[in-house]
Structures are given as C-alpha cells and as structure tokens.
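Architecture and fold: a report
What follows is the residue order along each chain.
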Amino acid sequence: MVKASGKRKQRIKWSKLYTFSCLNPRTTDNDAPNQQLLGQPGFSRVVFCNQPELHKIKPHKYPSNYVSTTKYNFMTFLPRALFEQFRRVANLYFLLGAALSIPKLAPFSPESMITPLVFVVGISMLKEAIEDWSRFLQDMDVNSRKVKVHSRNGYFVEKTWKELSVGDVVKVNKNEYFPSDLLLLSSSYEDGVCYVETMNLDGETNLKLKRSLEATLSLDDDVEYTKFQATIHCEDPNPNLYSFVGNLEFNNGTYPLSPTQILLRDSKLRNTEYVYGVVIFSGPDAKAVRNSTRSPSKRSRVERRLDYLIYVLFLLLVMMSVVTSIGSALVLKSEADMWWYLRLQENADSPFKPSKPVTSFFLQFVRSLILYGYLIPISLYVSIEVVKVLQAMLINKDMRMYDGLSGKAVEARTSNINEELGQVEMILSDKTGTLTCNQMEFRKCSIEGISYGGEINEVDLAASRRMNVDVERYRISIDGSDSTGQSIEMFEYSVAEADAKQAVLGCDHAIENSDIEHRRIPASGKEPTIKGFNFRDDRLMDKMWIHGSNAHDMIMFFRVMALCHTGIPVEDGNSKRLKYEAESPEEITFLIAAQEFGFKFCQRTQSVMFLQELEPSSGIEVKREYKLLNLLEFNSARKRMSVIVSNEAGEIFLFCKGADNIIFDRLADNGRIYQQATTAHLSNYAEDGLRTMLFAYKKIEVVEYESWNTLFTKAKATVGTEREELLEHASEMIEKDLFLLGAVAVEDKLQKGVPQCIDKLAQAGLKLWLLTGDKRETAMNIGFACSLLRHDMKQFHLVLSKEAESSHQLKAVEEDILSQIRNSYQEIVKGNKKDVPSALTVDGKAMEVALRSEISNQFLQLAVMCDSVICCRVSPKQKALIARLVKEYTGKTTLAIGDGANDVGMIQEADIGVGISGMEGMQAVMASDFSLPQFYFLERLLIVHGHWCYKRISKMILYFIYKNVAFGLTLFYNEIYSNFSGDDLYDDWYMVLFNVLLTSLPVIALGVLEQDVSADVCLQFPALYQQGQRNICFSWKRIFGWILNATLSSVAIFTVTIYILSPAALRQDGKVADLAHIGTIMYTCVIWIVNCQIALIVTHFTWITHVLIWGSILCWYIFLVLYGMLLPEHSQGGFHILIEAIGTAPMYWIVTFLVVVVTLLPYFIFSIIQRSFYPMDDQVIQEIKYGRTDVSNKPMWLREQQNSRKRTQIGFSARVDAKIRHLKERLHRTKK
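Residues numbered from 1 in each chain as written. Predicted model: local features only at pLDDT ≥ 70, side-chain atom pairs only at ≥ 80, totals over all residues. Heavy atoms only, no water.

**Brief notes about the overall build of the protein**
- Summing up its helical and strand segments, the protein has 43 helices and 35 strands in all.
- The buried share of the protein, taken over its 1232 residues, is 58%.
- Within the protein, residue pairs in contact and separated by at least 24 positions form 75% of the contacts whose partners lie at least 6 positions apart.
- Split by element, the accessible area of the protein, about 51900 Å² in all, is 57% carbon and sulfur. (Helix = DSSP H or I, 4+ residues; strand = E, 2+ residues; numbered from the N terminus. Buried < 20%, exposed > 50% of the residue type's maximum accessible area, 1.4 Å probe, protein only. Contact = heavy atoms within 4.5 Å. Areas by Shrake-Rupley, 256 points an atom, 1.4 Å probe, with all protein chains shown as cover.)

Written out as structure tokens, the structure is:
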C-alpha cells in the first residue's frame, strides 16, 4: 500500500469499483425542494472557506470550537449552586431561623444561627465546585487536542481544537478524530474517498465511505490552499446525524452537498492516510454536541424522600410550637397575677406579656420554632456530604475494580447519588464498546455440510456439570444422521456413563472416540495467539484440509473468503503474516482466517487481486492473480456482497457472501446439497451468539457475462432516480443460480465477564435493555452471546411494514405500530400464564413512531412486560428519550451505561450515568456519574458498593433522626413540666456540641464503614440487592418506627431522670439538684443512650467504630471538666459541675445507668424478637456466618445460595436452566 504525501496519491480509485449510490452523490428530484430552502429560516448558514476572520464579526459570527460538559461556569456557579442547596427544605428552614434571629425573636444569638448555616452550605458548595473542576479538567484534555490548520501562507500549523473557527481548513491524519463538523475537500485517494468510523456517534462498527466533490479533487496538497476560497450555503445547526442540505460555490460554479461529503465531530478517520476539510459547524453547533444535553442535577430517591421526612418533622415541630404557645398563653392568662415578682410587664424583651396574650402567643410560637429546631438537624446534610465523599473514595480505591490491562480504575465522578447505586431496577446499555470489545474473531465454519471449530460453549459445559456429567466429549446422534455431523444434536456424558446413557436412549450409533474428539475440540478458554483468529480444528489447520475427499469445494470456499471483500493488505514488519484494512471488521477477520488456511490475499491494484494459494496436489503455495471485473458491494438493503473475477485460465466466477435468507433464495436447484446441514449449523452458531454469513459461488460463461455486463454498464451510467432500480435489477440477474459452499461464524468479542455480570445482575432483580445503532441481526447475535436472548423465548419484532412505510402517511404508520403492539401484548399476557419468556426487538424507524406521545404508554407497557428488550438503529436522541420515558413511566431507578459520544444523552438523562473509559474517546466518561474501565465491574459497583451505600445512608439518616428527635423532645417535655416558663434545660454550649462533636463522628463511621454482609457474600447472594429496590431500609414504616423509638426514648430519659432526682437529694449533704444539675445529668443520659443505640445497630465493628463511639462519650466528660474550669461568667452553671457537684454524687452515676438500661431495653427486646421470628435475609446470613455454619455445613450454604437466587428469564444461569430442561425433554422423548 502506497502512502500518500503531497502529490503522491494512493492508486486505487474506489469510486470505480463501487456500484451503488454511496459513492455517486447527485442531486435528485427529491433533493430539489431542499436546495430551494437555502437562505430561508433554518437554512441560512454561510461559511467562508479559508477565511475564518470573517466569522469573528457579525452577521456571520459563530461559536468557537470550545466544548464544555461542566454544570457551572464562573458567572453561574454562585446562583446555581445556592439554588441547589436551598432546594433542600432543611436549609430553607434554617435560613428562616437565621433571619428571625436578627431581630432577636429567637432564643439564640444571630451568630449561633448564621454560622452553622454558612458552614453547612459552604461545605456543600465546595464539594460541588471540586467535582465540577474535575469535569473542567477533562474538558481541557479534549479541547487541547492538536490538529493541523492552514495558516494562510500555504503551510499547516498545529492548533488546539478550541482554537478552531468556522471556515478553517484542517488536515486530519489517519486514526485521528475530526475536531468539528467538516466538509470533505480531498483525501489521500485520487478520487477523494475516505473511510470514517462513526462508532462514537451511532454505535456501528462498519466503516462509512465518504467522498469529496469532483470540483475539489485538485486540492490535494498543502500548497493548493494558499489561494483557495469558496462559500458554503447550508442548513443551520441541528442534531440530525444523517442529513445535510447545502451547496458549495467554488470557481464560478455551484455544487450541491449531501451527507456523503460531511465528516462529523467525534468520528475517526480510518484506512485513509489523510483528508483535507473545512470547518462548517464548530463547538456547540456540531451535530454530535447537539445530540448531547447539559449536565443535569441529579438527586437520589433517598434524598428526595428525606425532603418529605423533613416536612413531617417540620409538621411535628409546628405542632409542638403551637402546643407550647397555647399552653404558655393559657398559663400566662390564668396565673400571671400570682407571678407579680417576675415583673413580666417591665421586661421589654420578654415574650411573656400578660396584657397582650396574642402578641405573647406569636412571640412564643416563633421562639419555640427555633428552640425545637433540633428536630430538624442542620448537620445532617453536612454529615451526608462527608459520608458520601468518603464512600466515593472507598469506591475509587477498591482494587477489585482496577483493570490492569488499561491501568484504569473505577471512578466516582460525583458522590451525590452513591445510595442510588443500591436501588437500580433498569439498566439501559449500549452495545459497541460497552458489552463488546470492538474486535471480531473467526470462531467456526461449515464447509460441505461439516462443522469445524466445534469448541464446546460455556452453556453446554455448565449444563453438563449441573447434571453431574464429565467434560469428556461424546456425541450421540439422536436423529439418525451419519458421522459427517449433519444436523447433529450434541449431548455430553462421562466415560463411565456413556454406555448406560446410550442404552437408555435406545441408540445403536457408536460413540465417537474421546481422543479424536479431544483432538478436534480443544479446551475452552485459551486465548487466541493470532488476533482475530480464535479457531482450532486439526482437520483444517496446518494444511490438513488438503486430504479431504472434496477439495474443490473447500478451495472455492476459501477463495470466496479471500476475494469477496474491499480489503487492502498492509505489511507487518514484525511478522510474515499480513495485516489488513477493510470497510468492516468482519472482512478483516475473513482475510486473516483465509491467510491461516493457506489463501493469503497479498496485493490489490485497481483491477487485479493477487492470492498466494495452497495447491492441494503438491502442498506448496502458488501466487495467482484474479482480474476484478465487477464489485457489487454490501449494503443494508442488499444484505449481500459479490465480486466477479476471472482467473488466469480466463474462467469467470461470481463469489457471493451474505445473510442466510438472502443466499438461500438465490441457490440453484443443484446448489442446495449442503443446505439442510448448513441450516442446522447456522442455528447452533446463532445460539452461541456468533454472527453468521453464507458463502456461495457460480461459474459464468463468457457470453453470459458479456451480455450481462453490457446491461450493467448501461445501468451504472444512468443518471436519475431510476439508476438504483436498474442496478438492483441487473444484480438480481447475475446473483442467482448459486452453489452453496458453507457458512462462517465470527464472534463480536464480548468484554471480559459480560455474560457472568449480566447473569448476576439478573439474579439481583435488574432488567437490562440493549440500545444500539447497529442493525437488528447484529444486535440479536450479541443478545444471544451475553444471554439476553434464548432460543426458547417468544420473540416479538416491532418493525414498520413495507405497506405502512411506503404510504408516507403518519396515521397509517401509527396504526401499523399500534396494531403490532396490541397483538404482542395479548400474546405476552397469555404467555405469562404459562411462564413463557419473551423478548422484544424494536427497529429504529418503529421506535421513532412508538415513542410518540400518543402511543408511547402502550409501547412502554409492552416493553416493561418483556424479559428482554433490544432496540436497534436508535439515534443518540432516541436513546436519551427512551431513558427519560422509561424513568418516568416505570418510576424505577434507571442506570444508563455507554462508552461513546452517542451515549451521552442517555447517560445524562438516566438516574445514574455510567461511562466506559475504554479505547474510544472520553465523551461518555466526561458526562457520567461513574466511570468503569470494563462493563463487568458494574456487578461489584452495584451489588456490593451500591448495596452497602444504600444501607449505610439509610441507617445513618434514621439514626440521625432518632437522636435528634429524642434530644429535641426532652426540651418540649421540660417546657410542659415547667409550666412553659421558657427556661432552657441545657446550656448553650451543650446544644452547640451535640451535633458538632459528641454524636457526629459515630454517625460518619456508620455511614462509611458499616457492612451488613461482606463483599463476597453480597456476590454469593445477589438477591440481597432487592432490599434497595424495595426500599426496605428507608420505608415510611421504618421511618415512623424510628421516630416512635425516639419518642419512647425521650419519654424514658425525661421521666426517669426527673422523678428520681425531684423527690430526693442529689448529694449526701442533702443538697437537691438545681436546673443546671438536672440539665447536665439528663444531657449525660442522652449522650450515653444515643451512642449506645448506634452500637446496637452497627453490625460490622472496626477499631475506628469503637474509638469513635466510646471516644464520643469520653469527650463529653472531658468537655465537662474543661468547661467547668472556665470562670463563672463564661461557664455560668457549669462551673466545676462535674468535679465538685454531680461527679462526686453516686446518684449521678446510678441515674445514668438506670436511664440507659430502661431506655434501650425496649429496642433490645424488639431486636431479639424480630431476628428470632421475623429475620431479614441479611440477618439470616449473619447468623450463619457468625455460627460458621457456612464452613461446617457447606452443602447447606450452597443450598441457601441457590434458594436465594431470583428466578430470571435472562442471564447465563437462565440459559443453563433452559438447556437442562431441553436435554431432559429430549432424553424423555428418546426413551419413548
């Protein structure tokens, strides 16, 4: 292959080889109306090529090429971040309290109210700023990429992407991304053709062919752009990836433009040394960027429920304040005359005005709202923020989610929705680059009705193990076929059981020798030594195929593989093997396989292809040349590709490859010899998730070819709308009466661990939808490979009928889709009664109709009932719309995962967005909430960390509410007990330190370190994950249960303390406890109880947990000592209160002990009853692990794992179960 540089161009003119319209841009009658729209609204853009300075001033000033994915910028950070903070109702409440403290309506000073609010909001805003800064840095990485730009003097200089402007001429080299939407001017090929990989945009792995206008082909060197100037009139920026309307004014001519000349941002140049292009749409105007959305602000379901909980607590607070105000007014009215010595009328600041009961009521109400504010803890949000950041750090540091190959680890890019990971019910996944590796491997083939490369698949292996069968291979032909392997059903039995099983089956056929079978089928799981070739079968390898009985058909099979393609050989300096570049990865795989079988495609010119073939008679390689007469390329409508070649002897052959239904329809009567066997093999290959393709050929007589070629050449030269029809008719004439040679099966290689991950997620109760831009056949192959589909599933296909599509009437199209939806729904309802699994596949055009508001609910109702959903040919906008509709319709937590720019909208729209930090771009990662180097890490992220985070945050919030309600209610009881006197039960410093120091750290330890079960147990019992889906740990039942527990605790604390200390002396000298003593003693009881309570709910103790719980209690006593050492004007009633007053009194310690026991005893008894008679799943496992029953009784432990599995219809385990049922049914039928 000749590299292009300057005037040295690559010599192959692809436009002369290709037949159909992709390389023949033209203006049709249908395009004329679009061209007339230019200059009107929506089609008003003007681009001055090679004159970017004209686009820096109005009226043609366009955005720069800078792209941002951040939530904030310098101007919007403060208002938007404040808005986000005050969406939390608790912050609004404390803002109100701070405002009321300024006119001295609150019982606390303004400083004590404003400072905590500023601190809390400031910490949260700082966290938001840090996370957005990381997004900004990743944006800088993309915007700082380099590209060569024409500098107006004939030279191209490197500039960053963000420096590009509309009108700039750029030069993009092979394997580089396009920095913006470009108009293709010329390429390294003489006819201006280039290959483009659009996987980042639409998920398709096949390369797209683009071709420049013939008018710009002369712009093939750097110096040609010194005087280049042109004007483009085109459509305004829009998100449509597949359309473009415009024209180019150049050299006094006007040339219509089409999508064939447009190179989109984030697509990649492949198999072409370089291209020249001019920037049309830059930055936010680019189509790929238009398909994305701004980073949304996401809040978890737990946090949203917390808002409602705050409303409940606020309602409780208002009720308490009303009771206090009414009680105060009544007492003041009835007993104020007896309190003359208090001089209430003379105290202007007092809220008690006997002469003004209404004013007193209002002032007391405001005072009570602030006093009882501990029911709504302001520090709760700060603690949650701190805990979530620490949780994110632990996720990032989990070495089990580190990928050694790429050197990347899981990254929590935001910590706002950690707990949401534990409540996911729907997963929307991209295919290419997410489930697959973007690599094809040649796995199996069927030649002359014999299957080769028959490696046992993992489903059969697992089924045989489940049936207590060894892995030694034995094949028993159930249907009486011969040993050639035609239509064979494979069963596998152990050596010891083989004869017995054969007798049971009633078969007289001999079992093949295990040594032979072992030689034919290697052990599974070995890594291929040749990239793209994972095939092992000694009957074909190492030239062994030449000893076959019918070498002619095998030779023709390999010739189809080596000649029917658009590939180009590339020298590999480190190996004798050639590398290849081609339009599709399948073609590269076929060329590599042909090379391994002895048919090396070694050279291509404009009209000749050279093969280095293995000669069967001599066993040596011979170089032969084949003249390429015609190439009928593959497209989605034809579903086949053919080449017509003549060999050195002048014989003319047509070699064809294509989809099975297309090839079968074009076989000659005598060309169907192997059809039955090949059909059976195709079914087996498809069940393994392999892509299949048939090979066929025919020999053409010279006279027949010349006659056909005349007609074909005439059709190819036709200009107009009838050209396609004439070409298709001509191809139908020659592509018939074919002879079937066999089939090939290639694997779109899945990423490591994908089937196992999907299986585990399915057992955890998650549903997975596959959304891809690929065609339906490809998507379904991957569905089988990753166990989303099974052959025993009832499959429904939602696709526009030809009649409805040709009618061009929206109503007819909608009625067609609606009819299909209703019919499918009725069948599913019937099937569910019989427990029949179902799957739904939806085509892109049908999806566009189904997502319309009129019928979207019916479509979603159908889709949600299916066990598996695969959406094909979907655009980025459709992916985002599906994510939004699924989220809104089901009300379930939705996770979207992808790796390309086409997945950004879906990732941002879902409740949780996950980006794969693979080999392609970083757009998905930059828009995501979490990034993974491999899909299978999603299993641990959700089932382990998601489960932990959900339970940690839930426990943490419930405990926080418990301790604050219990503490706040003691203040309310004291108001009632003291006849609403307004005296503060606790010292101001006690109030401040309660949430800041004395109870805050154990809560953080609970939120960060708590584990109900270990990570290994989470993975062994994935059904535990359903606790989060059902929201068991943060249900209203549990919330009110903890509020009731807090109420009972507060009653016990207050009543026991008061009624022990009130009638008796505190000290031995007869001194009774005053208000400061009672407040301190009661506060001590509160500190002990709330810290002991957290010790009761913790299930995973670490030394950190112990230190923080018991250290918090110790800190209280240390504080009392230090506080008592201050001067009385500072410590007030706390002066030497522990050392001299209560610490020396035995009653103090007795009361503390009694109150703690009495308060915690009800919860302790409740826990025993609940764990003994109504245990939750995790509690059962805890008891098993604590008693080490999992070690002493291993079968019971395994049985518990099996019983805990959620019965699913998708996943590897479901396929194994279905396989076992199938085998047992076959055995049962055979015995009869």
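Anyway, onward from the coordinates.
**What to know about the sheet that holds strand 1 (residues 45–49)**
- Taken in spatial order, the 4 strands of this open sheet run 1-8-9-10, and their pairing is antiparallel. Edge positions in the open sheet fall to strand 1 and strand 10 (253–257), since each of these has one partner strand only. Here the average twist between neighbouring strands, direction ignored, is 20°.
- With 4 bridges joining them, strand 8 (residues 230–234) and strand 9 (residues 246–250) adopt antiparallel strand pairing. Counterpart to Cys-234 in the pairing with strand 9 is Gly-246. (Pairing = 2+ DSSP bridges. Axes fitted to C-alpha atoms, helices over the stretch in contact; angles between N-to-C directions.)

**So, the UniProt feature "transmembrane region" (unreviewed entry) in the protein**
- Under the present numbering, the feature "transmembrane region" (unreviewed entry) in UniProt falls on residues 308–332, 369–390, 957–977, 989–1009, 1039–1061, 1081–1101, 1108–1127 and 1147–1166.
- As annotated, residues 308–332 has a helix share of 100% and a strand share of 0%, and its two end C-alpha atoms lie 36 Å apart.
- Between the end C-alpha atoms of residues 989–1009 there is a gap of 30 Å, over a span that is 95% helix and 0% strand. (UniProt positions renumbered as here; feature names shortened; annotations may be inferred.)

**Some remarks on unusual backbone geometry**
- Of the consecutive residues Lys-58 and Pro-59, the connecting peptide bond is found in the cis state with omega at 10°.
- Mapped onto the elements of the fold, Pro-59 is located in the loop between strand 1 and helix 3 (77–85).
- With a phi angle near 65°, Asn-252 is a residue other than glycine that sits in the positive phi range.

**A closer look at the sheet that holds strand 3 (residues 156–160)**
- With antiparallel pairing, the 6 strands of this open sheet are ordered in space as 3-2-4-13-5-11. Since the sheet does not close on itself, it has two edges, and those belong to strand 3 and strand 11 (262–263), each with one partner.

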